[in-house]
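Notes for the structure review
Spelled out from the first residue to the last, the chains are:
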Amino acid sequence: MVQGFTAELKRMLRDAGCRLVRQGRGDYEIWHSPITGVHFVVDGTIKSRHTANAVLRQAGLPKHF
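Before going into details, it helps to say that this report is about the structure given with it. Note that this is a predicted model, so its numbers are computed, not measured. (Residues numbered from 1 in each chain as written. Predicted model: local features only at pLDDT ≥ 70, side-chain atom pairs only at ≥ 80, totals over all residues. Heavy atoms only, no water.)

**Digging into the sheet that holds strand E3 (residues 39-42)**
Here is the rule: Criterion used throughout: strands pair if DSSP finds at least two bridges between them. Starting at the N terminus, helices and strands are each numbered in turn, a helix being any DSSP run of H or I of at least four residues and a strand any DSSP run of E of at least two. Lines fitted to the C-alpha atoms define the axes, with helices restricted to the stretch that makes contact. Angles between their N-to-C directions range from 0 to 180 degrees.
Ordered in space as E1-E2-E3, the three strands form an open sheet in which the pairing is antiparallel. Of all the strands in the sheet, just strand E1 (19-23) and E3 have a single pairing partner and so form its edges. Neighbour-to-neighbour, the strand axes of the sheet open up by a mean angle of 35°, direction not taken into account. With four bridges joining them, strand E2 (residues 29-32) and E3 adopt antiparallel strand pairing. Within E3, the position partnered with His32 by the bridge is His39.

This is the structure:
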C-alpha cells in the first residue's frame, strides 16, 4: 500500500518554523510560512510527491520528495 507524504511533510514544515493557523473545510489545514509570509493549504491525505513538493515550494522550502 502507498504511504502518504502528509506526516513527513508536516514535520518538515514545523521544523522550518511554519505553524498551523486553523482547520479548513474537510481534512484541509491552513498553515503560515514565516519564510514567504503567506498562508497555504495542506491536505490531510497527500499521496502524490508532486503535491507534497508544491506545498514545500509555497512554504519557501526546497523540494524533498
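**Structural notes on the nonpolar core**
The cut-off we apply is this: The term nonpolar core refers to a set of buried residues drawn from Ala, Val, Leu, Ile, Met, Phe, Trp, Tyr and Cys, joined through side-chain atoms within 4.5 Å. The rule is simple: take the accessible area with a 1.4 Å probe, protein chains only, and divide by the maximum for that residue type; under 20% is buried, over 50% is exposed, in between is partly exposed. A contact between two residues is defined here by any heavy atoms of the two lying within 4.5 Å.
Residues Leu9, Leu13, Phe40, Val42, Val55 and Leu56 are the most contacted members of the largest nonpolar core, which totals 14 residues. Counting residues per element, the ones that place at least two in this core are helix H1 (6-15), E3 and helix H2 (49-59). Here this core takes four residues from H2, the largest share from any one element. Excluding anything up to four places from it in sequence, Leu56 contacts Leu9, Met12, Leu13, Leu61, Pro62, Lys63, His64 and Phe65.

**What about the pattern of salt bridges?**
For the record, the criterion: Here, a salt bridge means any Lys or Arg side-chain nitrogen found within 4 Å of an Asp or Glu carboxyl oxygen.
Summed over all chains, the structure comprises three salt bridges. Put simply, Glu29 and Lys10 hold a salt bridge, and the shortest N to O gap is 3.2 Å. In this pair, Glu29 is assigned in strand E2 and Lys10 in helix H1, connecting sequence segments 19 residues apart. When its relative accessible area of 15% is taken as the criterion, Lys10 is described as buried. Ionic pairing is found between Asp15 and Arg11, a salt bridge with its closest N-O pair at 3.2 Å. Here Arg11 and Asp15 lie together in helix H1, a separation of four residues that amounts to about one turn. The exposure class of Arg11 is partly exposed, given its relative accessible area of 41%.

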